[in-house]
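A look at the structure
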Amino acid sequence: MQMDKTKLQHAATEGSRRVQEAFGKLSKTKVTANVTEIQSISDDTIIEKFKKHGEQAVVAFAQLISGMEGFALFVMSREQALLFIDLMNDQPVGSTGIMKDLDRSMIKETLNILSNAYLVSIAKEFQSEVMIGPPLMVTSTRMKSIASDLSNKPTAEHSVLLDTSLVLNEQHLDLSLYLVFDPSLLETLQQES
Amino acid sequence: MAKDQLILLTDDSAFMRGVLKNILTEAGHTQFLEASNGKEALEIIKANSPALVLLDVIMPEMGGMDVLKEVGSTTNIVMVTAVGQDTTTEEAKSLGAKGYIVKPFEKAQVLEAVNAVLGE
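Just so it is clear, the structure is predicted and the values come from calculations on it, not from any experiment.

Here is what the cut-offs are and how they apply
- Residues numbered from 1 in each chain as written.
- Chains lettered and ligands numbered in written order.
- Predicted model: local features only at pLDDT ≥ 70, side-chain atom pairs only at ≥ 80, totals over all residues.
- Helix = DSSP H or I, 4+ residues; strand = E, 2+ residues; numbered from the N terminus.
- Rg over C-alpha atoms; globule rule 2.2 N^0.38 Å.
- Buried ≥ 20, exposed ≤ 12 C-beta atoms within 10 Å, placed from the backbone.
- Contact = placed C-beta atoms within 7 Å.
- Pairing = 2+ DSSP bridges.
- Axes fitted to C-alpha atoms, helices over the stretch in contact; angles between N-to-C directions.
- Parallel < 35°, antiparallel > 145°, perpendicular 65-115°, else oblique.
- Nonpolar A, V, L, I, M, F, W, Y, C, P; charged D, E, K, R; others polar.
- Arc of directions from axis to C-beta.
- Left-handed = near helix turned anticlockwise from the far one by under 90°.
- pLDDT = per-residue confidence, 0-100.
- Right-handed = clockwise from strand over helix to strand, strands pointing away.

Things to note about the overall build of chain B
Secondary structure summary: chain B contains five helices and five strands in total. Seen in sequence order, chain B has helices and strands lined up from the N terminus as β-α-β-α-β-α-β-α-β-α. Against the 2.2 N^0.38 benchmark of 14 Å for 120 residues, chain B shows a C-alpha radius of gyration of 13 Å, consistent with a compact globule. The principal-axis extents of the C-alpha atoms in chain B amount to approximately 30 × 30 × 25 Å.

Some points on the overall build of chain A
Helix and strand counts for chain A stand at six helices and seven strands. Listed N to C, the secondary structure of chain A is α-β-α-β-β-α-α-β-β-α-β-β-α in terms of helices and strands. The burial tally for chain A puts 42% of its 193 residues in the buried class. Pairs at least 24 residues apart make up 71% of the contacts formed inside chain A by residues separated by at least 6 positions.

Thoughts on the sheet that holds strand E4 (residues 77-81) of chain B
Residue and element names in this part refer to chain B. A sheet is described by the order of its strands in space; here five strands give the open sequence E2-E1-E3-E4-E5, paired in parallel fashion. Of all strands in the sheet, those with a lone pairing partner are strand E2 (31-35) and strand E5 (99-102), marking the two edges. Here the average twist between neighbouring strands, direction ignored, is 20°. Along the sheet face, helix H3 (residues 64-71) touches strand E3 (52-56) and E4 and points at about 145° away from the line of E3. Each of E4 and E5 is contacted by helix H4 (residues 86-94), which is oriented at about 170° to E4, the strand it contacts most.

With respect to the packing of helix H4 (residues 101-125) of chain A against helix H1 (residues 14-26) of chain B
Contact pair H4(A) / H1(B): the axes reach a minimum separation of 7 Å and the direction vectors enclose 95°. Regarding the angle of H4(A) to H1(B), the classification is roughly perpendicular. Of the residues in H1(B), those touching H4(A) at Asp101(A), Leu102(A), Ser105(A), Met106(A) and Glu109(A) are Ala14(B), Phe15(B) and Met16(B). Looking at the contact of H4(A) with H1(B), its residues break down into five nonpolar, one polar and two charged.

Some remarks on the environment of Ile45(B)
Along the polypeptide, Ile45(B) turns up in helix H2 (residues 38-48). Excluding anything up to four places from it in sequence, Ile45(B) contacts Leu8(B), Pro50(B), Val53(B), Val71(B) and Thr75(B).

Details of the interface of chain A and chain B
Each side of the interface is counted separately: chain A has 21 residues, and chain B has 16 residues. Counting residues per element, the side of chain A that touches chain B draws most heavily on H4(A), which supplies twelve residues. In the side of chain A that touches chain B, the residues fall into eleven nonpolar, four polar and six charged.

Remarks on H2(B)
Residues and elements named next belong to chain B. Every buried residue of H2 is listed here: Gly38, Ala41 and Ile45. All buried residues of H2 project into a common sector of 55° when viewed along the axis, lining one side. Facing away from the buried side of H2, by more than 90 degrees, are the exposed residues Glu43, Lys46, Ala47 and Asn48. Contacts from the buried residues of H2 go to strand E1 (6-10), E2, E3 and H3. Looking one or two residues past H2, Ser49 carries a phi angle of roughly 45°, positive in sign.

With respect to the packing of helix H1 (residues 5-26) of chain A against H4(A)
All names here are of chain A. Following both chains from N to C, one finds H1 and H4 inclined at 145°, their axes separated by 8 Å at the closest point. The interaxial crossing formed by H1 with H4 has right-handed handedness. Taking contact as the criterion, the partners of Lys7, His10, Ala11, Glu14, Gly15, Arg18, Val19 and Ala22 in H1 are, on H4, Ile113, Leu114, Ala117, Tyr118, Ser121, Ile122 and Glu125. A breakdown of the residues in the contact of H1 with H4 according to their chemical character gives eight nonpolar, three polar and four charged.

What about the confidence of the model for chain B?
Across chain B, pLDDT averages 92, with 97% of residues at or above 70. Both scores are given for the predicted complex: the pTM is 0.83, the ipTM 0.83.

Quick word on the environment of Leu177(A)
All names here are of chain A. Considering the arrangement of structural elements, one finds Leu177 in strand E7 (residues 171-181). Taking the C-alpha atoms as reference points, Leu177 and Tyr118, 59 residues apart in sequence, are found 9.3 Å from one another. Every residue in contact with Leu177, bar those within four places of it in the chain, is listed here: Ala72, Phe74, Leu114, Ser115, Tyr118, Leu162 and Thr164.

Things to note about unusual backbone geometry
With omega at -15°, the peptide bond leading from Lys103(B) into Pro104(B) counts as cis. Within the secondary structure, Pro104(B) is located in the loop between E5 and helix H5 (107-118). Residues other than glycine seldom take positive phi values, yet Asp90(A) does so here, at roughly 55°. Inspection of the secondary structure assignment puts Asp90(A) in the loop between helix H3 (78-88) and H4. Residue classification places Asp90(A) among the exposed residues on the basis of 12 C-beta atoms within 10 Å.

Digging into the pairing of E2(B)
All names here are of chain B. Bridge analysis of E1 against E2 gives five bridges, and the strand direction is parallel. Looking at E2, one finds that Leu8 is bridged to Leu33. The parallel pair E1 and E2 is bridged by H1, and the resulting crossover is right-handed.

Here's what the structure looks like:
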C-alpha cells in the first residue's frame, strides 16, 4: 500500500521550508533546502538503497515515540558529513578530518531537525502528531541489521525516502532521510485521511 | 543581578547546549551548569537550586516531562521543545513550566523566555 503521493509531496514542500528555516537559524551561512525526491518505497528498495551508502556512511537513527510507530534513519557519506561540519562551523572546507563528539552531536541534531521537519509535515497531512526519540549514531553494521529485519517483514510500501539537497554557502550536500512506518499504522492513517 | 544567576542547561545534545550557552553568554549571562539527561538535571537541581532550568523534553534515561513532574512546582523551568510538540507544551504548562522555546532557537525567543523568568 502506498502513501498518497499528493499528500507526500505537500509534506515534502512544507518540510523543506521548515528545514531551510531551521538550518538558517543554526548555521552562520545562507541555507536553501529542497527535497529532490520523495517516494514511498518497499522493503526491497530500502535494503538496496542502504547497501549503496557503503561502509563509511554516517548514520543516525531515532525511534518514533509518539503518534506514529517506526523510526527515522539519516544517512550521509563520510565526506559529506565532514563538509557539513565545516560549513556549519563556518570553517574552511577540509578543516575537519576526524569527527569529535561535538561534531557527532551536531549530526544527531541534524537528524532531529530533518526528521521533525518532515514528520511534522507528514503528520499534519494525515492529521496526527508525532514525536521522535533521542537520536543515536549507528554503525553501518547496525544499519544492515535494520535492513535485514525489514526483509523479514511482509513486503509492503511502508517507508518514505526523502532525498534532500541542502545548499550551505554555495556548497551542495545530499542527505537521505528514511522514515520507516509500521504498515498497520499506515493503513490506519489511510483510513482516517 | 539577573545575569549572575545560575542557569542549568539540560539537553542530551552537547551541540544544542552549546548553542544555548552561546546565546546566553552573548547576552551577558555568566553562570551555567549542564546536564545531558533528566536524572543528571534532578541531581544538579537538588544540589544547586538554579534560578532557571532550560529543559529538553526528549532525552535518554529520563525525559524532561518526568523532571517537570518532580520539581515543576518548585523550580523555574522553561521547556525546550521541537516543532510539532503542541500537546507536550500544553501538558508542560499544566505541570508548572514557565514557558517554552522551540528548537532550533531564535535568539530573541530564547532571551525573551529567559528574561521573563529572571526578571531582566
